[in-house]
Amino acid sequence: MLASRLPGILPPLSDDEALEVAAMRSVCGLTLDQHWGRRPFRQPHHSASAAALVGGGSKPKPGEISLAHLELFLDELPEFSRHVLEVLRQTLESGTIHLARASHERRYPAQFQLVAAMNPCPCGHLGDPRQRCQCSNAQIQRYQARVSGPLLDRIDLQVEVPALPAQQLTAQTQGESFAAVRERVIAARERQLARGALNSHLGGRELEAACALQADERAWLAEVLEKLRLSARAYHRILRVALTLADLQGEPRPAQPHLMEAIGYRQLDRLLKCG
Ligand SMILES: [Zn+2]
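Note that the coordinates shown come from a computational prediction; the quantities given were computed from them, not determined experimentally. (Residues numbered from 1 in each chain as written. Predicted model: local features only at pLDDT ≥ 70, side-chain atom pairs only at ≥ 80, totals over all residues. Heavy atoms only, no water.)

**Things to note about helix α12 (residues 256-264)**
Among all positions of α12, only His 258, Leu 259, Ala 262 and Ile 263 are buried. Buried residues of α12, seen end-on, are gathered within an arc of 135° and therefore sit on one face of the element. (Buried < 20%, exposed > 50% of the residue type's maximum accessible area, 1.4 Å probe, protein only. Helix = DSSP H or I, 4+ residues; strand = E, 2+ residues; numbered from the N terminus. Arc of directions from axis to C-beta.)

**A short note on the sheet that holds strand β1 (residues 41-42)**
Within a sheet, adjacent strands bond to each other through the backbone by hydrogen bonds, running parallel or antiparallel. The 3 strands are arranged β1-β4-β7 in an open sheet whose pairing can be described as parallel. Edge positions in the open sheet fall to β1 and β7 (113-116), since each of these has one partner strand only. Two elements, strand β4 (residues 71-74) and β7, share 4 bridges in a ladder whose sense is parallel. Each residue of the ladder has a partner; that of Leu 72, found in β7, is Leu 114. (Pairing = 2+ DSSP bridges.)

**Observations regarding helix α9 (residues 204-211)**
Looking only at α9, the buried set comprises Leu 207, Ala 210 and Cys 211. Buried residues in α9, looked at end-on, bunch into an arc of 95°, giving them a common side. Exposed residues lying more than 90 degrees from the buried face of α9 are Arg 205 and Ala 209. Tucked into the core, α9 has its buried residues touching α8 (178-195) and α11 (232-248). Looking at the residues trailing α9, positive phi occurs at Ala 212, about 40°. (Contact = heavy atoms within 4.5 Å.)

**Description of the nonpolar core**
Formed by 23 residues in total, the largest nonpolar core has its most connected members in Ile 65, Leu 72, Leu 74, Leu 88, Ile 97 and Phe 112. The set of elements that each furnish at least two residues to this core consists of α2 (50-54), α3 (64-68), β4, α4 (82-94), β5 (96-100) and α6 (149-153). Element by element, the count of residues in this core is highest for α4, at 4 residues. With near-sequence residues (within four places) excluded, Ile 97 lies in contact with Val 54, Ile 65, Ser 66, Thr 91, Arg 106, Arg 107, Tyr 108, Pro 109 and Ala 110. Grouped together as the second largest cluster of nonpolar side chains are 20 residues, Leu 207, Ala 234, Tyr 235 and Ile 263 included. (Core = buried A, V, L, I, M, F, W, Y, C linked by side-chain atoms within 4.5 Å.)

**A short note on the coordination of the zinc ion**
Looking at the zinc ion, one finds its protein donor set to be Cys 121 (SG), Cys 123 (SG), Cys 133 (SG) and Cys 135 (SG), positioned 2.3 to 2.4 Å from the metal centre. In this structure, the zinc ion is coordinated by 4 donor atoms arranged in tetrahedral fashion, with angles at the metal of 105 to 113°. Mapped onto the sequence, the donors of the zinc ion take the spacing C-x1-C-x9-C-x1-C. Here Cys 133 lies in the loop between β7 and α5 (137-145) and Cys 123 lies in the loop between β7 and α5, a separation of 10 residues in the sequence. Given the relative accessible area of 28%, Cys 123 is considered partly exposed. (Donors = N, O, S within 2.8 Å, 3.2 Å for Na, K, Ca; no water. Tetrahedral: all angles 85-135°; square planar, octahedral: opposite > 155°, others 65-115°.)

Here's what the structure looks like:
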């Protein structure tokens, strides 16, 4: 439910993005009218094949990733086949899909935002104070290990969502409205574009320049990464998230609280590597 709300807080599609989305739908023979300009939200089932995700066929057609352009939600991530998860990791790295057949060759976009959900264990109750987990340690380890370290490395925000009692789920809350969050997201995006590019598109050197960490902040961060046994790749991922957090608050560059919050979003890395 949370994931399906995401498009609601994101900026509207630019004309170029809308055109690309329409082109992908058109190639797949899907209707366009009510989808024009709307952020697509695709949720393939965990039984989906690699071809369904990246595209395929004798006359290659785009798959869910290209149709999702820009939101792809994978529920029950560890239930997807190992092959599909590996294809997903490669696609996240390359940002493009290349399908080659004897007579056809196609390149499809794969600039998508991945949202994935997983249970902590096969029965789903590990850490749940109201219901006892029925899984053995071996089952839990096997289940969690299905999501590989390299794939996990590419997931910037890892958040634990505890099970809520029914009365809390239905209670009226006074949270920030979607419109207010969306405004902040749009302002942060404009701030990034004014700097030259979206944070997700910044190379390592540009990212370091935008963050402009002081020597003591850099030393502190290196020490924390070492202690948490986070990978070198995690360093730039943390900087990118910290810079985005600063952008969301209208700050010129990330400070230590932004870095700490960004590190806090790498919970699974630590759980799976240290546990
Ligand atoms: Zn369990």
